[in-house]
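Listed below, chain by chain, are the residues.
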Amino acid sequence: MNGSRIAAVGHYQPVRVLTNEDLAGMVDTSDEWITSRVGIRTRHIAGPDEPVDELAAHAAAKALASAGLAPGDIDLVLVATSTAVDRSPNMAARVAARLGIPSPAAMDLNVVCAGFTHALATADHAVRAGASARALVIGADKMSDVTDWTDRTTCVLVGDGAGAAVVEASAEPGVGPVLWGSVPEMGHAVRIEGQPARFAQEGQSVYRWATTRLPAIARGACERAGYAPEDLAGVVLHQANLRIIEPLAEKLGAVNAVVARDVTESGNTSAASIPLAFSKLVEQGRITTGDPVLLFGFGGNLSYAGQVVRCP
């Protein structure tokens, strides 16, 4: 075995749906204002009795079932999240306990909106190095816990959810080389800080960076995997908002690809957004087994990470 592949994916969203009309009753906003600026119509919001690890475990269980695997088949659990309340036990250990995974290596990664693609690269490296045979990679965030629901510039953006992937050893590599990095001196542009922790961002700075700097980096991720953008069957960008997703996808030049736009119904779910949107495209049959798909995360810390994967 000289590579890894995604064997299966899964996702989970809380039952409660918060519409733009609902938000208009909470803050000074409207459906027209929200859809015209960020393209979001609805988002799912977890209840006080639904912690991050529960969201993550639901998505992971779905991915395991889709792969036809038992919890004991997993030896590495990676959870990308930036909304964990407690430091220990970490989310990965909590998810492993919920699912009954007996003795995995269990680690959390906090790279905010680029967390899942960082975690996927980490799992790929571990599998290719022989440190893991089969990994569970999860992106899960409960953004509603860190949101000021009186601030219309941020509360209209966020949602809660989780997505997961099973990564296993493969004779034919199905996870391409990662291209990752950050702009740490601009880390202040996206923040979750304070007591209580609250999400804040400098929207225009993030928009300019994402639409001007990231297209070339996304193309670089394709080149590392040996693909031209027009070869892609799917593009799953971090689901920040449509005003970023659409120009970034257009500048990338993936003219034959299905572009995920799950943000319209899920909002910005941070580390969950890419696996959530990817899993939905697979479930809907909009991409099929073996299709090359670019996964590209970006956001907090002004971090980015992208790789081309083969659809499970």
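Quick note: structure is the one above.
Just so it is clear, the structure is predicted and the values come from calculations on it, not from any experiment.

### Description of the packing of aromatic side chains
Within the structure shown, the criterion is met by two aromatic pairs. Between Trp209 and Phe298 the ring centres are 6.5 Å apart and the planes differ by 70°, which places this aromatic pair in the edge-to-face class. Of this pair, Trp209 sits in helix H7 (residues 203–212) while Phe298 is found in strand E13 (residues 292–299), placing the two residues 89 residues apart along the sequence. As far as the burial class goes, Trp209 and Phe298 line up, both buried.

### Side note on the side chain of Glu168
Inspection of the secondary structure puts Glu168 in strand E7 (residues 160–170). Within polar-contact distance, the side chain of Glu168 engages the side chain of Arg5 at 2.6 Å. Reaching out from Glu168, the side chain makes a polar contact with the side chain of Arg134 at a distance of 3.0 Å. Excluding residues that lie within four positions of it along the chain, Glu168 makes contacts with Gly3, Ser4, Arg5, Ala7, Val127, Ala133 and Arg134.

### Let's talk about a negative patch on the surface
A cluster of like negative charges, contributed by Glu21, Asp22, Asp31 and Glu32, occupies part of the molecular surface. Among the structural elements, Asp22 can be located in helix H1 (residues 20–24).

### Thoughts on the pattern of salt bridges
When their charged atoms lie close together, side chains carrying opposite charge are able to pair. What the rule picks out here adds up to twelve salt bridges. Taking the shortest distance from any N to any O, the salt bridge between Asp145 and Lys142 comes out at 3.8 Å. On the basis of relative accessible area, Asp145 is assigned to the partly exposed category, the value being 37%. Overall, the relative accessible area of 4% leaves Lys142 in the buried class. Salt-bridge contacts for Lys280 lead to Glu265; the nearest nitrogen and oxygen are separated by 3.0 Å. Linking Lys280 in helix H11 (residues 273–283) with Glu265 in helix H10 (residues 263–266), this pair joins segments that are 15 residues apart in sequence. Take Glu265: its relative accessible area is 37%, and that puts it in the partly exposed class. One salt-bridge network, held together by shared partners, links Arg5, Arg134 and Glu168.

### So, the pairing of E13
Counting buried positions along E13 gives eight out of eight residues, so the element sits mostly inside the fold. Judged by which residues are buried, E13 turns out to be covered on both faces: Pro292, Leu294, Phe296 and Phe298 on one side and Val293, Leu295, Gly297 and Gly299 on the other are all buried. Pairing geometry for strand E11 (residues 234–237) and E13, over four bridges, is parallel. Across the sheet, Leu237 pairs through a bridge with Phe296, a residue of E13.

### What about the pairing of strand E14 (residues 303–310)?
E14 sits mainly inside the fold: seven of its eight residues count as buried. Alignment of strand E8 (residues 179–182) against E14, held across four bridges, turns out to be antiparallel. Pairing of Ser182 across the sheet is with Ser303, part of E14. The sheet contact formed by E13 and E14 spans eight bridges and is antiparallel. Following the sheet pairing, Pro292 is matched in E14 by Arg310. Taking the residues between adjacent antiparallel strands as the criterion, E13 and E14 are bridged by three residues, where Asn301 takes a positive phi near 70°.

Definitions and limits used
- Residues numbered from 1 in each chain as written.
- Predicted model: local features only at pLDDT ≥ 70, side-chain atom pairs only at ≥ 80, totals over all residues.
- Heavy atoms only, no water.
- Phe/Tyr/Trp six-rings, centres within 6.5 Å; stacked < 30°, edge-to-face > 60°.
- Helix = DSSP H or I, 4+ residues; strand = E, 2+ residues; numbered from the N terminus.
- Buried < 20%, exposed > 50% of the residue type's maximum accessible area, 1.4 Å probe, protein only.
- Polar contact = N/O pair within 3.5 Å; in protein donor to acceptor, adjacent residues only side chain to side chain.
- Contact = heavy atoms within 4.5 Å.
- Patch = residues over 30% accessible without salt bridge, like charges linked within 9 Å, V, L, I, M, F, W, Y side chains within 5 Å.
- Areas by Shrake-Rupley, 256 points an atom, 1.4 Å probe, with all protein chains shown as cover.
- Salt bridge = Lys/Arg side-chain N within 4 Å of Asp/Glu carboxyl O.
- Lys, Arg positive; Asp, Glu negative; His and termini not counted.
- Charge placed at Lys NZ, Arg CZ, Asp CG, Glu CD.
- Pairing = 2+ DSSP bridges.

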